[in-house]
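Descriptive structure summary
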Amino acid sequence: MKKLLLGVGLMSTVQAMAFEPLTIDRLFDDPDLSGSAPRSLKLSPDGQRATFLQGRADDAGRMDLWQYNIADGKTSMLVDSLKLRGGAAEELSDEEKARRERARISSLSGIVSYQFSNDGKQLLFPLSGDLYLYDIAKQNTRALTNGEGFATDPKLSPKSNYVAFVRDRNLWVSDTKGGKARPLTRTSNKNEAWGMAEFVAQEEMKRMTGYWWSPNEDAIVAAKFDETPVPIAKRSEIYADRTEVIEQRYPGAGTKNVLISLAILDPENKRAPIELDLGKEKDIYLARVKWLADGSGVLVQRQDRKQQRLDLLLYSAKGGKPTTLLSESSSTWVNLHEDLRTLKNGDFIWASERSGFKHLYMYDGKGKLKNAITSGDWQVDEVEAVDQQRKQIYFTGTKASALEKQLYRVDFDGKNLSSISRKRGWHNISFAKDASVYIDSWSDDLIPSQVSLHKSNGELITLLAANQVKEGHALFPYFKGLQQPEYGKLSTSLGGDLYYQMLRPKDFDPKKKYPVFLRVYGGPGSQQVQRRWDGRWGLTDQYMAQQGFVVFTLDNRGSERRGKKFEDPIYENMGDPEVQDQLVGIQFLKTQSFVDPERIGVFGWSYGGYMTLMMLSKASDQIAAGVSVAPVTDWMLYDTHYTERYMGLPQENEEGYKNSAIFPHLDGMTSDLYLIHGMADDNVLFTHATTLMAKLQKNGVKFRLMTYPGEKHGITGDGQRTHVFKEITDYFIEKFQ
């Protein structure tokens with residue numbers, strides 16, 4: 001094993017200075033320790049203002065709509081969500097609650113999303129089921145709906161003459177000048193829905209919508225799903241004062257999915273719907289939908305059930321059979337992406353991992369490859385903007401470092417690749433429509449997000465939110481006590497270097513032996529070791545370092561942003577290579593003179609909870625204790641799209657599914673376990689926990705248990721979030737100190 005140290009921060013000067021110690025109560029109290037960095041940053045299409053959502057000083061989770069006026073440099077609130085509702089409590093439909101849970105914003109209230117009109121003159125946003133339109137010039141807000149029924153997923157049409165939305169599982173449209181809302185679809189079948197994304201599309205495919213306006217606003221292509229084939233799973237949601245039996249159509253691994261169809265609708269309902277033929281095979285996934293730039297056709301990404309093939313289909317706006325422009329295939333799985341860009345000349349930009357890393361390619365309108373745009377042993381994260389006039393693409397990626405997210409520019413022909421962002425760390429980018437300027441929300445491991453406006457060449461125009469940690473900032477009293485993370489990589493024979501991050505304890509003494517708090521996630525589609533600010537896990541790590549722990553996190557094989565070769569070892573074999581790699585990390589820790597090998601603890605949530613159970617079951621001789629929150633315990637109980645992507649179909653990998661479950665390995669669990677789960681979890685169902693409880697009890701294994709009535713997967717309720725983090729951290733403090 002070879003160790004390469006990438007960076008060691010020396011904190012002796014900082015440690016010598018006084019600071020206020022972190023507490024779990026303070027981590028989840030207001031004001032937010034991360035400061036006032038805004039959410040949902042957008043540049044107006046006319047480039048005159050940057051808009052964003054920001055929590056209130058007395059309620060960080062309640063979002064209001066703000067703007068930064070670029071001309072005069074002033075920041076002001078546009079819409080006060082409390083005043084608009086007259087102080088009334090916010091009410092959400094069951095569909096909206098589920099949608100927010102899928103989008104991981106269930107802890108937020110107020111204005112949680114908004115959309116600019118294409119001319120930049122208006123802003124559309126939903127609030128408590130009604131729709132509002134804010135006129136920027138007039139500085140007033142007008143209600144488009146008024147309690148007629150809960151409206152979700154609203155979208156302005158390209159010319160702002162209409163707004164479409166979903167209500168009661170149907171697609172509706174309304175005239176923005178005051179016309180009455182009318183339904184475009186009229187299904188009364190409780191198993192059908194128009195314009196919505198089905199459960200797995202929202203949870204696993206990052207497709208949160210089910211309809212798309214044409215560029216000329218003369219048509220909407222809309223999806224309809226039918227849940228009739230999906231088996232009904234009965235589950236209990238246990239609250240403090242009641243128990244609700246929920247009948248949810250849940251597509252577990254190996255069971256049937258929804259039936260999906262597409263149609264082009266007339267917003268005036270004057271033309272009959274045009275059905276789009278998705279093919280003879282009905283057991284498919286509708287991955288992505290996009291109109292051609294001129295509105296003459298619709299591009300559809302269709303994925304097969306095994307997720308080993310992704311077809312890009314072109315439909316005429318007049319209907320008829322589609323043309324297959326290209327297909328991607330893999331012997332494991334094909335990752336989905338959001339990087340299809342259509343150009344005015346008919347060409348399109350496409351992303352593919354065919355080289356082993358995600359890169360960009362230019363195609364003509366008939367699906368013929370013209371040229372590769374990027375290449376190399378690094379990946380493109382996302383296309384951020386396309387400047388068609390200058391024939392340039394702006395994208396974020398890992399060229400500089402797999403631990404960073406940097407902004408780059410490249411010509412359409414692949415020439416003149418250059419770096420645009422100039423600071424080490426993590427850059428979240430939002431471009432103006434014409435790609436002339438962009439907003440950069442940048443952070444580093446000890447620097448909370450700072451927001452700035454730049455010209456397209458990277459030149460700074462102005463700071464929008466300096467968010468400097470100085471006197472008056474919520475983090476300031478605690479900042480001098482933060483430890484500088486150390487980054488390194490472990491070279492192994494298993495395949496690929498393993499990046500890690502480590503914090504040394506407060507008042508570190510190299511002659512002492514310290515316990516280890518190993519925080520693990522380990523699942524695909526995630527990367528934990530990153531040079532960026534993390535106000536939740538990062539500050540929890542800092543708290544544990546202040547309690548005298550060595551804090552360690554490692555990204556095992558299967559993690560994202562390292563290429564397909566690094567991801568693929570988990571295929572049909574989840575829970576094995578990930579554990580092997582985490583044990584490499586533990587062996588490295590044991591070589592450190594300051595680590596006590598008898599006091600190593602592991603904590604993980606969700607997939608990390610699964611990893612905690614697997615590590616305890618397979619390596620209790622190396623781990624003293626673990627805390628597992630909301631773990632998957634049997635992949636047969638989890639959903640189709642996620643599970644089958646990595647494990648294949650159950651009927652074709654019976655042995656793999658058996659071995660990837662926790663239960664065959666439980667005899668090896670001799671270390672202490674603390675199991676935690678929300679009792680109304682609709683993602684990793686509470687059944688995962690109860691099944692594990694029964695197995696452990698049958699085996700005579702003692703374990704600690706904490707359950708949270710009424711809480712979902714994230715355990716985000718008032719008080720409960722603080723409580724669960726106290727339980728996690730106190731457990732290790734009590735056990736190891």
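The shown structure was predicted, so the numbers you read here are calculated from the model rather than taken from an experiment.

Take the environment of Gln 406 next. Looking at the element boundaries, Gln 406 is found in strand β32 (residues 406–411). For the pair Gln 406 and Asn 428, spaced 22 residues apart in sequence, the C-alpha separation works out to 8.4 Å. Residues contacting Gln 406, with those up to four places away along its chain left out, are Phe 395, Thr 396, Gly 397, Ala 400, Ser 421, Lys 423, Arg 424, Gly 425 and His 427. In this structure the side chain of Gln 406 is engaged in a polar contact, spanning 2.5 Å, whose partner is the side chain of Ser 421. Within the local environment of Gln 406, its side chain forms a polar contact with the backbone oxygen of Lys 423, the two atoms lying 3.0 Å apart.

Across the sheet, four strands lie side by side as β11-β12-β13-β14; this open sheet has antiparallel pairing. Two strands lie at the open edges of the sheet, namely β11 (152–156) and β14 (182–183), each paired on one side alone. With two bridges joining them, strand β13 (residues 170–175) and β14 adopt antiparallel strand pairing. Within the sheet, the bridge partner assigned to Trp 172 lies in β14 and is Pro 183.

Here we take up empty space enclosed by the protein. Tallying each qualifying case throughout the model produces one cavity of 30 Å³ or more. If you add up the space inside the largest cavity, you get close to 120 Å³. Taken together, 13 residues line the largest cavity, and the ones lying closest to its centre are Glu 198, Val 200, Pro 251, Asn 257 and Val 258. Elements with a minimum of two residues in the lining of the largest cavity: α5 (199–204) and β22 (284–291). If one sorts the elements of the lining of the largest cavity by residue count, β22 sits on top with three residues. Of the residues assigned to the lining of the largest cavity, the class counts are nine nonpolar, one polar and three charged.

Another point: the pairing of β32. β32 sits mainly inside the fold: six of its six residues count as buried. Both faces of β32 are covered, namely the face carrying Gln 406, Tyr 408 and Val 410 and the face carrying Leu 407, Arg 409 and Asp 411. The pairing of strand β31 (residues 392–397) with β32 spans six bridges and is classified as antiparallel. Each residue of the ladder has a partner; that of Gln 392, found in β32, is Asp 411. Pairing of β32 with strand β33 (residues 418–419), which is carried by two bridges, proceeds in the antiparallel orientation.

Negative charge collects at one region of the surface, where Asp 29, Asp 30, Asp 32, Asp 58, Asp 59 and Asp 718 lie side by side. You can see Asp 718 is positioned in the loop between β45 (704–708) and α14 (720–736). With relative accessibility at 80%, the residue Asp 718 sits in the exposed group.

A common way to report how large an interface is uses the accessible area buried once the components associate. We note that the domain assignment places domain 1 (37–176), domain 2 (184–329), domain 3 (376–444 + 447–481) and domain 4 (482–736) within the protein chain. Computed from C-alpha atoms alone, the centre-to-centre distance between domain 3 and domain 4 is 31 Å. Counting across the domain 3 and domain 4 interface gives one salt bridge. The salt bridge involving Asp 381 is made with Arg 561; its shortest N-O contact spans 2.7 Å. For the pair domain 3 and domain 4, the interface holds 10 residue pairs in polar contact (both at pLDDT 80 or more). For the side of domain 3 that touches domain 4, the secondary-structure elements that each account for two or more residues are β35 (437–444), β36 (447–455) and α6 (476–479). Of the residues assigned to the side of domain 3 that touches domain 4, the class counts are eight nonpolar, six polar and six charged.

Conventions adopted
Residues numbered from 1 in each chain as written. Predicted model: local features only at pLDDT ≥ 70, side-chain atom pairs only at ≥ 80, totals over all residues. Heavy atoms only, no water. Helix = DSSP H or I, 4+ residues; strand = E, 2+ residues; numbered from the N terminus. Contact = heavy atoms within 4.5 Å. Polar contact = N/O pair within 3.5 Å; in protein donor to acceptor, adjacent residues only side chain to side chain. Pairing = 2+ DSSP bridges. 1 Å grid on protein atoms, 1.4 Å probe; cavity = no way out; pocket = protein on both sides within 12 Å on 5 of 7 lines; lining within 4 Å. Points joined across faces, edges and corners; volume = space filled by probe spheres on them. Nonpolar A, V, L, I, M, F, W, Y, C, P; charged D, E, K, R; others polar. Buried < 20%, exposed > 50% of the residue type's maximum accessible area, 1.4 Å probe, protein only. Patch = residues over 30% accessible without salt bridge, like charges linked within 9 Å, V, L, I, M, F, W, Y side chains within 5 Å. Areas by Shrake-Rupley, 256 points an atom, 1.4 Å probe, with all protein chains shown as cover. Salt bridge = Lys/Arg side-chain N within 4 Å of Asp/Glu carboxyl O. Lys, Arg positive; Asp, Glu negative; His and termini not counted. Charge placed at Lys NZ, Arg CZ, Asp CG, Glu CD. Domains from an automatic or database assignment.

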